[in-house]
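Below, each chain spelled out in residue letters.
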Amino acid sequence: LQGIFVLGLPYALLHSGYSGLLLIVLAAALCCYTGKILIACLYEENEDGQLIRVRDTYEDIANSCCKKLSPSLGGIVVNVTQVVELIMTCILYLVVSGNLLSHSFPYVPVTEKTWSVIAFVTLLPCIFIRTLKIVSKLSQLCSLVHFVIIFVVITYCLTQMHQWSWAKFRFSLEFENFLVSVGVIIFSYTSQIFLPTLEGSMKNPGEFRCMLNWTHFFACILKTTFALTAFLTWGEKTKEVITDNLPSFLETLVNLCLLTKALLSYPLPFFAATEIVYSCISNDSHSNYSSPLLALTVRGSFLLLTLLMAMFTPHFALLMGLSGSVTGAAMTFLLPSLFHLKLKWKKLSFLEKCVDISVFILGFFCSLAGIVCSIKGLLEVFG
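Residues numbered from 1 in each chain as written. Predicted model: local features only at pLDDT ≥ 70, side-chain atom pairs only at ≥ 80, totals over all residues. Heavy atoms only, no water.

## What about the overall build of the protein?
Formally: Secondary structure follows DSSP: runs of H or I at least 4 residues long count as helices, runs of E at least 2 residues long count as strands, and numbering of each begins at the N terminus. Put simply, the radius of gyration uses C-alpha atoms, and a globule should come to 2.2 Å times the residue count raised to 0.38. Relative accessible area decides the class of each residue, using a 1.4 Å probe on protein chains only: under 20% of the type maximum gives buried, over 50% gives exposed, and in between gives partly exposed. Here, two residues are considered to be in contact whenever any of their heavy atoms come within 4.5 Å of each other. To measure how exposed things are, a 1.4 Å probe is used in the Shrake-Rupley method; for residues, cover is taken only from the protein chains shown.
Assigned secondary structure in the protein consists of 15 helices and two strands. Taking 21 Å as the expected radius of gyration for a compact globule of 383 residues, we find that the protein reaches 21 Å, a close match to that expectation. Counting only C-alpha atoms and orienting by the principal axes, one finds that the protein spans roughly 65 × 50 × 45 Å. Considering the protein as a whole, with its 383 residues, one finds that 49% of them fall into the buried category. In the protein, 77% of the contacts between residues at least 6 apart in sequence involve partners at least 24 apart. Looking at the protein as shown, the accessible area adds up to about 18900 Å², and 70% of this sits on carbon and sulfur atoms.

This is the structure in C-alpha cells:
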C-alpha cells in the first residue's frame with residue numbers, strides 16, 4: 001500500500017508546500033515511535049528485571065488493556081478495525097489493477113471492471129497460501145518492482161533538471177487540501193498492523209528497534225527525494241498519481257510495473273485478514289490449521305468479497321478515505337499511544353507520558369479532520 005501512496009506524495013507537496021517536506025520527516029518519526037511503543041506493549045519484566053514476551057498480537061495487547069471491562073472487548077475492536085482496513089486495502093489493489101490495465105491497453109474494448117476481474121483471476125492462488133514465508137517472498141519481489149518504478153521516475157526528473165525552480169513551492173495553504181496532504185503523507189508510512197507478527201518472526205527480536213529506525217530513515221530519504229524531484233519537474237501541473245505526468249512511452253512501462261506491484265502486494269493484507277478471521281472462528285492458533293476446509297472457505301470468501309466490492313461499490317476512493325481516516329489513524333496513532341499509557345504508566349517518565357498523550361491528540365485530530373473531509377466529499381457526490 002505504501003507504494004500506492006508514494007505516487008501521491010508529489011501531489012501532496014503541491015498542496016502543502018514547504019510544510020509538506022517537514023511532514024514527511026515528522027510522519028516517519030511518529031510512525032517509527034508508535035511502532036516501538038506498540039512492540040513494547042508485548043513485553044513485561046519478570047522478577048529478575050528481564051523483558052519477557054507475554055503477548056503475541058495486537059489483539060492480546062488490546063485484551064490486556066480492557067480486561068477489567070471485558071476479557072475480549074479490546075481484541076474484538078482491534079480485530080474488526082484491522083480486518084476492515086486490510087480488506088479495504090485489498091479492494092483498492094483490485095480497483096487500481098483494473099484502472100492500470102485499462103490505461104495500459106486503451107485500444108482493447110474491455111471495461112475497467114472487466115480488467116479488475118482479469119486481475120482477480122491471477123490472484124486465485126492466494127487461496128492456497130498457508131505461511132508467511134511465501135508472502136514474504138512475494139513482498140521482496142514487490143519491493144524490487146517498487147524501486148524500479150521510483151528509479152524510472154527520478155531518472156526522468158533528473159533529465160529535466162534545467163526546468164527546476166524553487167519558486168514552484170507555495171507558502172499559503174488551503175486548509176482542506178492541506179488535510180488531504182497530511183493523510184497521504186502519514187498513511188504512506190503505516191505498518192503497525194504487521195509489526196507484532198514481524199517482530200515475533202525475527203531470528204533476533206532484539207534488533208527490531210534498530211531495524212525500525214533504519215527502515216523509516218531510508219523511507220524518509222527516499223520519499224523526500226522522490227516527492228521533491230517530481231514536484232520540481234512538473235510544479236503546478238503535478239497530477240494526483242505522478243505517473244500520469246510521464247511521457248506516454250514511460251507511462252505504459254511504469255503502469256505495467258505498478259500493476260505487477262499491486263498484484264504482488266495483495267497477498268500480504270489478504271493473508272493477514274484471513275488469519276485474523278480464521279483464528280476468531282476456529283479459536284485455533286494462526287499457524288496450525290486444524291480444519292483445512294474451513295481455512296479454504298475463509299480465504300475463498302474473502303477473495304470473492306474483495307472482487308464484489310471492487311466492482312459494485314460506488315465512489316470507492318471516498319469510502320477508502322473515510323475508512324482510512326478511522327482505521328488508519330486508530331491503528332497507527334490512537335491505539336498504540338493509548339495502550340502504551342495504560343500498560344506502562346507506572347514505568348514511564350513524565351516526558352514519555354507527554355509524548356504519548358501528544359501523539360494521541362494529534363492522531364485524534366487527524367482522524368477527525370479526515371472523517372469530516374471524506375463525509376463532505378460523499379455528500380457532494382450524492383448531492
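There is more to say after this.
## Some thoughts on the state of the cysteines
What counts, and what does not: The disulfide definition used here is simple: a pair of cysteine sulfur atoms within 2.5 Å.
For the structure on display, the rule yields zero disulfides. Free of any disulfide, Cys-31 has its nearest cysteine sulfur in Cys-32, 8.9 Å distant. The class of Cys-32 is buried, set by a relative accessible area of 7%.

## So, the pattern of salt bridges
Heads up, the rule is: Whenever a carboxyl oxygen of Asp or Glu lies within 4 Å of a side-chain nitrogen of Lys or Arg, that contact is scored as a salt bridge.
One pass over the full model with this rule turns up five salt bridges. Residue Glu-44 pairs with Lys-344 through a salt bridge whose shortest N-O separation is 3.8 Å. Taken together, the residues span a long stretch of sequence, with Glu-44 in strand 1 (residues 43–45) and Lys-344 in helix 14 (residues 316–344) at a distance of 300 residues. Residues Arg-53 and Glu-199 are paired through a salt bridge, measuring 2.9 Å at the closest nitrogen-oxygen approach. With a gap of 146 residues between them, Arg-53 in strand 2 (residues 51–53) and Glu-199 in helix 9 (residues 195–201) connect regions that are remote in the sequence. Residue class for Arg-53 comes out partly exposed when judged on its relative accessible area of 25%.

## Side note on the nonpolar core
Under the convention used in this document: In plain words, nonpolar cores are sets of buried Ala, Val, Leu, Ile, Met, Phe, Trp, Tyr and Cys residues tied together by side-chain atoms within 4.5 Å.
Counting residues in hydrophobic clusters, the biggest one holds 102 residues, and the most contacted among them are Leu-94, Tyr-189, Phe-226, Tyr-266, Phe-302 and Phe-339. Ranked by residues supplied to this core, first place goes to helix 5 (residues 73–104) with 13 residues. With sequence-adjacent residues up to four places away left out, Phe-226 is seen in contact with Val-6, Leu-7, Pro-10, Ile-150, Val-153, Ile-154 and Ile-242.

## Here's the deal with a nonpolar patch on the surface
As a reminder, the rule being used: Only residues whose relative accessible area exceeds 30% and that form no salt bridge enter a patch; like-charged residues are grouped when within 9 Å of one another, and nonpolar side chains (Val, Leu, Ile, Met, Phe, Trp, Tyr) when within 5 Å.
There is a patch of nonpolar side chains on the surface, built from Ile-357, Ile-361, Phe-364, Phe-365, Leu-368 and Val-372 and spanning about 540 Å² of accessible area. Looking at the element boundaries, Phe-364 is found in helix 15 (residues 350–382).

## Re the packing of aromatic side chains
For the record, the criterion: Each pair of aromatic rings taken from Phe, Tyr and Trp, with Trp reduced to its six-membered ring, is defined by centres within 6.5 Å and is described as stacked if the planes are under 30 degrees apart, edge-to-face if over 60, and tilted in the remaining cases. Charges are assigned to positions over rings by a cutoff of 6 Å between ring centre and Lys NZ or Arg CZ, combined with an angular limit of 35 degrees from the ring normal.
Per the stated rule, a full pass over the model turns up nine aromatic pairs. When the centroid spacing of 5.6 Å and the interplanar angle of 25° are considered together, the rings of Trp-214 and Phe-218 count as stacked. Linking Trp-214 with Phe-218, this pair stays in helix 10 (residues 208–234), spanning four residues, or about one helical turn. The class of Trp-214 is partly exposed, set by a relative accessible area of 47%. With a centroid separation of 5.6 Å and 25° between ring planes, the pair formed by Tyr-266 and Phe-270 is classed as stacked. By relative accessible area, which is 1% here, Phe-270 ends up buried. An aromatic cluster is built from Phe-105, Tyr-107 and Trp-115, whose rings are joined through pairwise contacts. Just above the ring of Tyr-189 sits the side chain of Lys-223; from NZ or CZ to the centre is 3.7 Å.

## A word on the environment of Leu-294
Residue placement: Leu-294 occurs in helix 13 (residues 292–312). Once the C-alpha coordinates of Leu-294 and Asp-244 are considered, the two residues, 50 residues apart in sequence, prove to be 43 Å apart. If we ignore the near neighbours within four places in the chain, the residues touching Leu-294 are Tyr-278, Ile-281 and Ser-282.

## As for helix 2 (residues 9–16)
Most of helix 2 is tucked away: seven of the eight residues are buried. All buried positions along helix 2 are accounted for by Leu-9, Pro-10, Ala-12, Leu-13, Leu-14, His-15 and Ser-16.

## Section: the confidence of the model for the protein
For clarity, the threshold we go by: The pLDDT score gives, residue by residue, the confidence of the prediction method on a 0 to 100 scale.
Per-residue pLDDT for the protein averages 83, and the proportion of residues at 70 or more is 90%. Model confidence for the protein, summarised as mean pLDDT per element, is weakest for helix 1 (residues 2–6) at 61 and strongest for helix 10 at 91.

## Concerning the packing of helix 12 (residues 267–282) against helix 13
Here is the rule we go by: The convention used is that axes are lines fitted to C-alpha atoms, helices contributing only their stretch in contact, and that angles between N-to-C directions extend from 0 to 180 degrees. Any angle between 65 and 115 degrees counts as roughly perpendicular, while under 35 counts as roughly parallel, over 145 as roughly antiparallel, and the rest as oblique. The crossing is said to be left-handed when, going from far helix to near helix, the turn is anticlockwise and less than a right angle, and right-handed when the turn is clockwise. Residues are grouped as follows: Ala, Val, Leu, Ile, Met, Phe, Trp, Tyr, Cys and Pro are nonpolar; Asp, Glu, Lys and Arg are charged; all remaining types, including Gly, are polar.
Remark: helix 12 packs on helix 13, axes separated minimally by 10 Å, with the N-to-C direction vectors making an angle of 130°. Our classification of the angle between helix 12 and helix 13 gives oblique. Judged by the twist between their axes, the crossing of helix 12 over helix 13 is right-handed. Contacts from Phe-270, Ala-273, Thr-274, Val-277, Tyr-278, Ile-281 and Ser-282 in helix 12 reach Leu-294, Ala-295, Val-298, Arg-299, Phe-302 and Leu-303 in helix 13. The residue makeup of the contact of helix 12 with helix 13, split by class, is ten nonpolar, two polar and one charged.

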